[in-house]
Structure formats: structure tokens, C-alpha cells
Amino acid sequence: MALYLGVMSGTSLDGLDIALIEQDEQLRLLATHYIPMPVDLRQDLLGLCASGPDEIARAALAENRWATLAAQGINNLLNAQGLAPEAIRAIGSHGQTVRHEPARGFTVQIGNPALLAELTGICVVGDFRRRDVAAGGQGAPLVPAFHEALFGHLGHNLAILNVGGFSNLSLIERDQPVHGFDCGPGNVLLDAWIERKQGQAFDANGAWAASGCVQNDLLKALLSDPFFAGSGPKSTGREVFNLPWLDAHLARLPAYRDEDVQATLLELTAHTIIDSLRQAQSGTEALLVCGGGARNGVLMARLAALLPGAKVASTAAHGVDPDWVEAMAFAWLAHCCLEGIPANRPSVTAAIGLRILGAIYPA
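Looking at an unreviewed UniProt entry, the protein carries the name Anhydro-N-acetylmuramic acid kinase, with the source organism given as Pseudomonas soli. The UniProt entry for the protein carries this comment under Catalytic activity (unreviewed entry): "1,6-anhydro-N-acetyl-beta-muramate + ATP + H2O = N-acetyl-D-muramate 6-phosphate + ADP + H(+)". As recorded by UniProt, the Function (unreviewed entry) comment attached to the protein reads in full: "Catalyzes the specific phosphorylation of 1,6-anhydro-N-acetylmuramic acid (anhMurNAc) with the simultaneous cleavage of the 1,6-anhydro ring, generating MurNAc-6-P. Is required for the utilization of anhMurNAc either imported from the medium or derived from its own cell wall murein, and thus plays a role in cell wall recycling."

If you want it as C-alpha cells, here you go:
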């Protein structure tokens with residue numbers, strides 16, 4: 001038996017999720033801790049997602065703050081559980097993605113794992129994505145192998161959907177390697193639009209979207225983006241889908257009510273997920289949803305309506321809290337790295353082969 005910690009900070013930039021797992025023949029979630037992202041650090045990280053002055057110094061300072069925040073959360077969790085750092089075999093740290101451009105051969109996650117190891121006294125495994133990109137892969141999504149390990153026993157024609165800032169699918173079929181891909185925007189545009197128009201961090205339960213009406217002309221324009229025409233393997237990020245992207249489409253169309261734009265963005269998320277799923281896996285029997293999108297009742301209802309005949313439910317229906325799946329995944333990826341187990345899947349990322357992912361920073 002070994003204990004691992006996973007730290008996940010996603011594209012939504014709302015905070016850091018920390019999960020403590022026990023790994024032997026099976027994986028068990030033992031404890032969790034959440035740290036809200038400080039407003040100033042969030043703004044600094046968002047600013048690094050686009051070109052700007054003095055980027056190297058700004059990135060170095062931001063990742064030091066990120067690592068310090070993560071270390072505080074880890075130490076708080078360990079204290080609450082009565083555990084010493086020596087009890088933890090490793091921390092799997094995703095870091096914060098600030099650029100993801102696999103077509104140009106790079107992906108960048110910052111988080112200073114060396115400083116995190118120093119501040120916690122625990123071995124850190126980080127930088128999981130770049131080895132897959134070096135092998136010709138997309139570097140994302142990385143969670144399908146974990147989804148298969150966690151949910152594969154439930155059956156076949158099963159899809160696991162993560163809806164964070166962006167949405168991605170893992171598809172489990174009989175006698176086939178797990179495959180998956182990014183579908184497109186998850187919450188990233190929904191969050192950005194409501195923050196601009198109402199000063200809210202997110203649309204709780206999709207209530208604001210539910211108050212509006214889907215605008216078909218706008219939806220058609222958004223769906224014309226070339227990303228949606230391609231099939232997997234594929235991945236995307238804020239480099240493609242952001243408020244300037246939305247603004248460019250809105251500028252070419254009549255003015256819409258703000259809530260109608262929000263309703264259309266929710267429909268974009270639901271439509272691109274289900275359209276991608278139908279193309280990639282016919283006869284899906286169950287769709288299990290994790291990530292923040294699983295808490296959006298309006299989105300969940302749209303997914304169910306667009307996928308009749310399949311059971312659409314949160315991963316909570318199978319005993320796994322949807323908020324912690326990705327943090328658990330990076331704890332598991334640390335385990336795989338230290339055990340020499342390849343954790344990418346060429347069927348997902350299009351890498352030229354299986355690779356052991358992660359760089360090790362000893363305590």
C-alpha cells in the first residue's frame with residue numbers, strides 16, 4: 001500500500017484541488033482539500049495565456065506563488081489527517097497550463113515542482129504532458145487511462161466526460177484500447193461571459209443560461225470553427241477558445257440579449273460533446289460526467305436530451321465524487337511514473353508509442 005497526493009489546477013482557474021489516495025491493487029480516495037485561487041494570482045495566470053511583456057519573469061514569479069499555495073494546501077490536508085510528509089510516497093502535480101499548442105510542438109505547465117518538493121518535504125512528480133508531445137502526441141487528454149482503470153469494470157460502450165474549462169471524453173469499448181479527445185469549450189466561455197456581464201465567477205446550476213434562448217445563427221457561426229470538424233486525437237485550450245474568439249463572431253451578427261448568448265454557449269458545449277460522442281462511439285450505453293460541469297443541472301439535462309437511450313449521470317452514481325476525479329488522476333499518474341508504468345495512450349494522443357510520463361523531483 002502507498003499513499004499519493006494529486007494536485008490539479010485546471011483551465012477554469014477557480015482553485016487547486018488536492019486529493020489523497022491509497023494505491024495498491026485498487027485505488028481509494030481517502031481525503032480532499034480545496035484552495036480557492038487568489039484573485040491576483042488568477043489574473044497573473046490568465047495574463048500568461050497570451051503573449052505579453054516580461055513573460056519569463058512573470059511566469060517564474062507566478063509559478064512560485066502557485067507552488068507556495070499548493071504546499072500550504074498539502075500541509076493543511078496532512079495536518080488534518082494526522083500524517084507526516086514521510087507517509088506520502090509522492091505528489092503528482094499537474095501545474096497550471098498557460099500555453100498548449102501541440103501543433104507547434106509544445107505545451108507549458110508552470111508550478112515549480114522543485115519548490116513544491118522543498119516546501120513539503122515530499123517527492124514531486126510533475127511535467128506530465130511534455131513527454132507525450134515529444135513523442136508526437138497531443139499531450140492531452142491524459143486522464144483516459146485513469147478513467148479506464150477507475151471505471152472500466154462497469155462495462156463497455158461507456159463514455160467518461162470531464163467538463164472543466166474544456167470538455168474531454170474517454171471512450172471504453174470491448175476489445176479496443178481506450179480512446180478519447182477534447183470536444184471543445186466546457187465552462188471556459190460560459191464562465192468568461194457571465195464574469196464580463198454579471199461579475200460572477202460561474203453560472204450556478206446553469207440558471208442564467210436557462211433564462212435565455214438559444215440563438216441558432218450564433219450557434220451555427222460558433223460551430224463553424226475548424227476545430228469541431230476534426231476527429232480525435234485532438235486537444236485545445238484558451239489559445240483557440242476565448243472571449244476575443246466569441247467577440248469576433250458576435251461582431252458579425254445582430255445584437256443578442258446577454259442571457260441568450262449564455263444559453264447559446266451552453267448549447268455549444270452540449271452540442272459539441274454529444275456530436276463528438278456520436279461520431280466516435282455509436283451505441284453509447286452510459287455517459288458518466290465529472291468536473292464542474294457535473295454540477296450544472298441545465299447542462300446535464302441537455303446532455304441527456306441529446307443522447308436518448310443512454311444513461312447520463314454524474315460519476316457520483318458510482319461512488320466517485322465528480323469534483324475530485326482529475327486530482328485523483330494526477331496522484332495515480334505519479335504512481336505510474338515511479339513504478340515505470342506507461343500512462344499515455346497513443347489511441348488518445350496520437351503519440352508514436354507508450355511513454356512513462358512525468359519528471360521526478362526527489363524530496
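Right, picking up where we left off after that structure.
Observations regarding unusual backbone geometry
Going from alanine 140 to proline 141, the amide bond is cis rather than trans, its omega being -10 degrees. Tracing the backbone through its elements, the reader meets proline 141 in the loop between α4 (130-134) and α5 (144-151). Even without a glycine there, the phi angle at leucine 13 is positive, about 60 degrees. Inspection of the secondary structure puts leucine 13 in the loop between β1 (2-9) and β2 (15-23). If you check the backbone angles, alanine 350 has positive phi at about 70 degrees while not being a glycine. Turning to its location among the elements, alanine 350 is positioned in the loop between α14 (346-349) and β12 (359-361).

Notes on the nonpolar core
In terms of nonpolar packing, the biggest core is built from 44 residues, with Leu169, Leu246, Leu287 and Leu303 touching the most fellow members. When residues of this core are assigned to their parent elements, the largest contribution, eight residues, is made by helix α11 (residues 258-280). In this structure, Ala2, Val125, Phe146 and Val320 belong to the second largest nonpolar core, which totals 38 residues.

Considering the pattern of salt bridges
Inspection of every chain in the model, using the stated rule, returns 16 salt bridges. One salt bridge in this structure joins arginine 130 and aspartate 127, with 3.0 Å as the shortest N-O distance. Under the relative-accessibility criterion, arginine 130 is labelled partly exposed at 49%. With a closest N to O distance of 2.9 Å, aspartate 260 and arginine 257 form a salt bridge.

Things to note about the domain arrangement of the protein
When the domains of the protein are assigned, the result is domain 1 (2-140 + 324-361) and domain 2 (144-318). Between the C-alpha centres of domain 1 and domain 2 the distance comes to 23 Å. With 25 residues of domain 1 at the interface, the matching set in domain 2 holds 25 residues. Interface area for domain 1 against domain 2, summed over the two sides, is near 1,900 Å², with a carbon-plus-sulfur share of 59%. Of all residues in domain 1, the largest losses of buried area upon contact with domain 2 belong to Thr11, Val325 and Val348, amounting jointly to 29% of the total for that side. If you look at where domain 1 meets domain 2, you find one salt bridge.

Some remarks on helix α3 (residues 113-120)
Taken residue by residue, α3 has Pro113, Leu116, Ala117 and Thr120 as its buried positions. Along the axis of α3, the buried positions cluster into a sector of 100 degrees, meaning they face one direction only. Buried residues belonging to α3 abut α2 (55-81), β4 (88-101), β6 (124-126) and β12.

Thresholds applied
Residues numbered from 1 in each chain as written. Predicted model: local features only at pLDDT ≥ 70, side-chain atom pairs only at ≥ 80, totals over all residues. Heavy atoms only, no water. UniProt positions renumbered as here; feature names shortened; annotations may be inferred. Helix = DSSP H or I, 4+ residues; strand = E, 2+ residues; numbered from the N terminus. Core = buried A, V, L, I, M, F, W, Y, C linked by side-chain atoms within 4.5 Å. Buried < 20%, exposed > 50% of the residue type's maximum accessible area, 1.4 Å probe, protein only. Salt bridge = Lys/Arg side-chain N within 4 Å of Asp/Glu carboxyl O. Domains from an automatic or database assignment. Contact = heavy atoms within 4.5 Å. Buried area = accessible area lost by both parts, 1.4 Å probe. Arc of directions from axis to C-beta.

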